[in-house]
Amino acid sequence: PIWLIERPRFQKVRCSISIFTIISCIGFSISGIILALVLKADIMRSANDPFAFLIMFASMAVVFFMTELYLKKTSKIFKIIYYLVCYLAMAVLPTLYNYLTNSILKSPLSLIFSGLPVIAIGIYLFFIKKIR
C-alpha cells in the first residue's frame, strides 16, 4: 500500500516540526531569563505568572502549526510570512502581554531578546536545507 511508502516522510516531517517547536520553547525561556537579568528583575517573580505560560503555549502552538505549513510550502512569500508570524508570536505577543499586565519584564528590549529564537530557527532551517 502507498501509505507504507509515505510513512517515513511523515515521521521525518513530524520530527522536524518537533525540533522547531523545541528550539522555540527553549529559546523563549532563555530569552526571558536574559531579559530578566538585563533588567535586573527577580527571575522567580516573573516565573510565577500562570498567564505568561499560556502566552508561551500559544506561541509554541503558532510555531508548531506554521512550521507544519512551512515544510509543505516552498514559495518565497510564504517564507517571509513564516518568519513574520513566528516573530509576532514569540516576540510581539509576549511584549504586549508584559505591557498590558504591567509586568516587571515590560521593556522594548523584549522585542530584541524574544526575536533571537526566530533567528535560531532560521539558522537551523538554513543548515537543514544545506544537508538535504
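Conventions adopted
Residues numbered from 1 in each chain as written. Predicted model: local features only at pLDDT ≥ 70, side-chain atom pairs only at ≥ 80, totals over all residues. Heavy atoms only, no water. Helix = DSSP H or I, 4+ residues; strand = E, 2+ residues; numbered from the N terminus. Buried < 20%, exposed > 50% of the residue type's maximum accessible area, 1.4 Å probe, protein only. pLDDT = per-residue confidence, 0-100. Contact = heavy atoms within 4.5 Å. Phe/Tyr/Trp six-rings, centres within 6.5 Å; stacked < 30°, edge-to-face > 60°. Axes fitted to C-alpha atoms, helices over the stretch in contact; angles between N-to-C directions. Parallel < 35°, antiparallel > 145°, perpendicular 65-115°, else oblique. Nonpolar A, V, L, I, M, F, W, Y, C, P; charged D, E, K, R; others polar.

S.K.: Just checking my understanding: could you explain the environment of Leu116 for this structure?
M.R.: With respect to the helices, strands and loops of the structure, Leu116 is situated in helix H6 (residues 116-131). Note on Leu116: relative accessible area 42%, which makes it partly exposed. Separated by 89 residues in sequence, Leu116 and Gly27 place their C-alpha atoms 7.2 Å apart.

S.K.: Quick question: what am I supposed to make of the confidence of the model for the protein chain here?
M.R.: When pLDDT drops low, the exact placement of atoms in the prediction is not to be read closely. Per-residue pLDDT for the protein chain averages 81, and the proportion of residues at 70 or more is 84%. Low confidence marks residues 1-10, where pLDDT is under 50. Its contacts with residues over four positions away, or in another chain, come to one contact.

S.K.: Could you clarify how one ought to interpret the side chain of Ser114 in this entry?
M.R.: Position of Ser114 relative to the elements: it lies in the loop between helix H5 (109-113) and H6. In contact with Ser114, other than residues within four places in its own chain, are Ser31, Met90 and Ala91.

S.K.: Is there a simple way to explain the packing of aromatic side chains in this structure?
M.R.: For any pair of aromatic rings, the description rests on two quantities: the centre-to-centre distance and the angle between the ring planes. Here the structure, examined in full by the defined rule, presents four aromatic pairs. Centre to centre, the rings of Phe64 and Phe65 are 5.3 Å apart; their planes meet at 90 degrees, and the pair counts as edge-to-face. Judged by relative accessible area, Phe64 falls into the partly exposed class, the value being 22%. Judged by relative accessible area, Phe65 falls into the exposed class, the value being 52%. When the centroid spacing of 4.5 Å and the interplanar angle of 40 degrees are considered together, the rings of Tyr70 and Tyr82 count as tilted.

S.K.: Can you walk me through the packing of helix H3 (residues 50-72) against helix H4 (residues 76-100) in this structure?
M.R.: Two numbers describe a pair of packed helices, the interaxial angle and the distance between the axes. At their nearest, the axes of H3 and H4 sit 10 Å apart, and the two run at 180 degrees to each other. Looking at the two axes, H3 sits roughly antiparallel to H4. Together, Phe51, Ala52, Ile55, Ser59, Met60, Val62, Val63, Met66, Thr67, Leu69 and Tyr70 of H3 and Phe78, Lys79, Ile81, Tyr82, Tyr83, Val85, Cys86, Ala89, Met90, Leu93, Pro94 and Tyr97 of H4 make up the contact between the two elements. A per-class count over the contact of H3 with H4 returns 20 nonpolar, two polar and one charged.

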